[in-house]
Amino acid sequence: MPAKRITKTPMRTRDAKLRATDFVEVNIGYKAEHAIFEAERCLRCQQPPCTDGCPVHIPIPELLHEVAAGNMEKAVDILRTANPLPAVCGRVCPQEEQCENNCHMAKQYLPVGIGYLERFIADWERSQPKKKKPKPPQRPQKVAVIGAGPAGLVCAGDLARLGYPVTVFEGLHAPGGVLRYGIPEFRLPKDILDWEIELLKDMGVEIVCNVIVGKTFKLDDLFDKMGFSAVFIGTGAGLPSFLGIPGENLNGVYSANEFLTRINLMQSYDFPNTDTPLYVGERVAVIGAGNTAMDSVRSALRMGSKEGMIVYRRTEKEMTARQEEYEHAIEEGIQFRWLTNPIEIIGDEDGWVTGLKCLKMELGEPDASGRARPIAIKGSEFIIPVENVILSIGTSPNPLLVNTTPGLETNNKGCLVLEANKPQTSRKRVYAGGDAVTGAATVILAAGAGKDAATSIHADLMADLAEK
Ligand code: FAD
Ligand code: SF4
């Protein structure tokens, strides 16, 4: 096999020292010649396992065939039909665990760079004049979507494509969910998110912000007072968890969600041009080792902290952050304190954080999650001097909607329970998907759930019409 087929065409990135001081995107993207060269590596498998590994089932070999032939417009059509958020997913999806993990090339060589190519195609589309597509004839039943994260947006997009008038109600002042308030600009520039959302609006999706369903009005009002025939819940899992250790209420302690929301949604990096200040000290410890933790520690560095560190009670092997984010964090000088468990946040007499008291750990037998159980080493207490502690140890669904909607069943983690064979909740014509159902997961799983729900809503509403 020729050498060019063995390695994946690398992604160009900005210099690590420079990028660690600003919020400009780290990855630069492929040029057309890189994309064509990389797409040529695809073997065009008859039974493509890459497509099976993609939660929205993008027909990857057909897509890469068009890229390799330089037919970018055809590639855009194929991609956008399968995934309404390709510029987002090409940037943040864990392809290494999904399509690329299944790629036949990966058996012997590096997989085809499917994610980088997805990003390239979406960015190519953005560089072209926008094309207006004719809207399908409008159907009589209208659908409401609660939450403008990837699950809600994708569900709304697919329903609009089928001709349903669809309105998305979003609690925050801007749509996007975690894509807006969680994932930082240096991984996902907001003008790219805005572009994908504009395309959904062009398809007819209406987005109404500053509406918290359960507070502004009840879910049942959507049926009883506002005339919707079906409702999709895509409210995510945005409620942060805390450790319950002493010192969590000191000044300088943040949940990762609050910290990132202040930076991303409220743009505190541009203070005083924006209204949201954010106190970031010289040394910042982030507790946890998922994508959110990695985003928090890298954001802290960009906000002016001199030392950013991840504190995690297990090891590099058990961390859940994407490999690319981890590698970028290392390049930017982030420190990693593995096998370290925080037991107290220390403060001064004025209530400001001065340190994090920790215990050294060792790994034992696997626990219920299947990961090695961390065990404390007796007498190993020590203090890491820091001015900020950011907690990134998980989130769960906010109970507001469930508490204000009779008959919505949840499990012991507060996640909505669906019927066995369709994405409908315990309430008729109320569907759900994304993190609100699975707990904190991934963008593409949320997008896939939004698509499945749109298909199910369409089938049920057609049946309702036929019955009339
Ligand atoms: P969300 O994105 O949470 O959106 C839910 C929306 O519903 C929010 O906008 C919320 O304001 C709104 N809402 C909630 N309640 C109401 C209500 N009552 N009324 C109206 N609106 C309401 N995944 C990846 O695949 N790759 C990554 O690199 C990655 N990085 C991440 C980094 C961070 C910092 C975080 C927090 C998560 C990350 N994830 C990543 C996970 C991914 O973002 C989520 O799994 C995904 O966004 C879930 O989509 P969703 O639509 O279910 O929910
Ligand atoms: Fe191409 Fe890999 Fe998919 Fe086969 S598995 S079609 S080589 S991307």
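Given the structure is predicted, the values throughout are model-derived calculations rather than measurements.

(A) Representation of the packing of aromatic side chains in the model. Across all of its chains, the model carries 11 aromatic pairs by this definition. The interplanar angle of 70° and the centroid separation of 6.1 Å between the aromatic rings of Tyr326 and Trp338 together place this pair among those described as edge-to-face. Pair noted here: Tyr326 is in helix α15 (residues 323-331) and Trp338 is in the loop between β9 (335-337) and β10 (340-347), with a separation of 12 residues, a long-range link. Within the aromatic cluster, the residues linked to one another by ring pairs are Tyr312, Tyr326, Phe336 and Trp338. A cation sits over an aromatic face here: Arg302 above Phe186, 3.8 Å from the ring centre.

(B) Summary view of the site of ligand 2. Neighbouring residues of ligand 2: Cys42, Leu43, Cys45, Pro49, Cys50, Ile60, Pro61, Cys103, His104 and Ile114. Taken atom by atom, the bulk of ligand 2 overlaps the second largest cavity. Where the shell around ligand 2 is concerned, the elements lending two or more residues are α3 (49-52) and α4 (60-68). For the shell around ligand 2, the class distribution of residues is nine nonpolar, one polar and no charged.

(C) Just the pattern of salt bridges, in detail. Counted according to the given criterion, the structure contains 33 salt bridges. Between Asp194 and Arg180 there is a salt bridge, with its nearest N and O atoms 2.8 Å apart. Residue Asp194 is located in helix α11 (residues 190-202), and its partner Arg180 is located in helix α10 (residues 178-181); the two are separated by 14 residues in the primary sequence. In this structure Arg180 comes out as buried when scored by relative accessible area, which is 9%. For Asp460, the salt bridge goes to Arg429, with nearest N and O atoms at 3.4 Å.

(D) How the structure looks around the domain arrangement of the protein chain. Under the domain assignment used here, the protein chain contains domain 1 (3-126), domain 2 (142-238 + 396-467) and domain 3 (242-393). With centres defined by C-alpha atoms, the gap from domain 1 to domain 2 works out at 27 Å. A buried area of about 2200 Å², summed over both sides, lies between domain 1 and domain 2, and 73% of it is on carbon and sulfur atoms. Broken down residue by residue, the surface that domain 1 buries against domain 2 is led by Pro84, Leu85 and Arg126, which jointly contribute 27%. On inspection of domain 1 and its partner domain 2, the count reaches one salt bridge. The shortest N-O distance in the salt bridge between Glu196 and Arg80 comes to 2.7 Å.

(E) Molecular detail of the site of ligand 1. By nearness alone, 33 residues border ligand 1, and Val92, Glu170, Arg187, Val213 and Asp435 come closest of all. Contact distances for ligand 1 include 3.2 Å between an oxygen atom and a backbone N or O atom of Ala441. The separation between an oxygen atom of ligand 1 and a polar main-chain atom of Thr442 is 3.3 Å. Protein burial of ligand 1: of its 1000 Å² of free accessible surface, 92% is covered by the chains. Looking at the shell around ligand 1, the elements that each hand over two or more residues are α9 (150-161), α14 (291-302) and α18 (443-467).

(F) Representation of empty space enclosed by the protein within the structure. Applying the stated criterion across every chain yields a total of three cavities of 30 Å³ or more. Approximately 120 Å³ is the volume attributed to the largest cavity. What lines the largest cavity is a set of 16 residues, and nearest its centre among them are Cys54, Ile58, Cys99, Ile114 and Glu118. Contributions of two or more residues to the lining of the largest cavity are made by α4 and α8 (114-127). Among the elements that make up the lining of the largest cavity, the one with the highest residue count is α8 (three residues). Here the lining of the largest cavity is built from residues that sort into 11 nonpolar, four polar and one charged. Roughly 100 Å³ of internal volume is contained in the second largest cavity. Those elements giving two or more residues to the lining of the second largest cavity turn out to be α3 and α4. For the lining of the second largest cavity, the leading source of residues is α4, giving three residues.

(G) Representation of the environment of Phe259 within the structure. Its place among the elements puts Phe259 in helix α13 (residues 256-264). Looking at Phe259, the relative accessible area reads 1%, which means it is buried. For the pair Phe259 and Tyr181, spaced 78 residues apart in the sequence, the C-alpha separation amounts to 9.7 Å. If sequence neighbours within four positions are ignored, Phe259 has contacts with Tyr254, Leu278, Val280, Ser296, Ser299, Ala300 and Ile390.

(H) Seen up close, the pairing of strand β1 (residues 143-146). Every second residue of β1 is oriented toward a common face, with Val143 and Val145 on one face and Ala144 and Ile146 on the other, all of them buried. In this fold, β1 hands off to α9, which returns the chain to strand β2 (residues 166-169); that crossover is right-handed. The pairing of β1 with strand β4 (residues 230-233) spans four bridges and is classified as parallel. Its bridge partner lying in β4, Ile146 is registered against Ile233.

Thresholds, definitions, all that
- Residues numbered from 1 in each chain as written.
- Chains lettered and ligands numbered in written order.
- Predicted model: local features only at pLDDT ≥ 70, side-chain atom pairs only at ≥ 80, totals over all residues.
- Heavy atoms only, no water.
- Phe/Tyr/Trp six-rings, centres within 6.5 Å; stacked < 30°, edge-to-face > 60°.
- Helix = DSSP H or I, 4+ residues; strand = E, 2+ residues; numbered from the N terminus.
- Lys NZ or Arg CZ within 6 Å of the ring centre and 35° of its normal.
- Near = heavy atom within 4 Å.
- 1 Å grid on protein atoms, 1.4 Å probe; cavity = no way out; pocket = protein on both sides within 12 Å on 5 of 7 lines; lining within 4 Å.
- Sits in = over half its atoms within 2 Å of the grid points.
- Nonpolar A, V, L, I, M, F, W, Y, C, P; charged D, E, K, R; others polar.
- Salt bridge = Lys/Arg side-chain N within 4 Å of Asp/Glu carboxyl O.
- Buried < 20%, exposed > 50% of the residue type's maximum accessible area, 1.4 Å probe, protein only.
- Domains from an automatic or database assignment.
- Buried area = accessible area lost by both parts, 1.4 Å probe.
- Polar contact = N/O pair within 3.5 Å; in protein donor to acceptor, adjacent residues only side chain to side chain.
- Areas by Shrake-Rupley, 256 points an atom, 1.4 Å probe, with all protein chains shown as cover.
- Points joined across faces, edges and corners; volume = space filled by probe spheres on them.
- Contact = heavy atoms within 4.5 Å.
- Right-handed = clockwise from strand over helix to strand, strands pointing away.
- Pairing = 2+ DSSP bridges.

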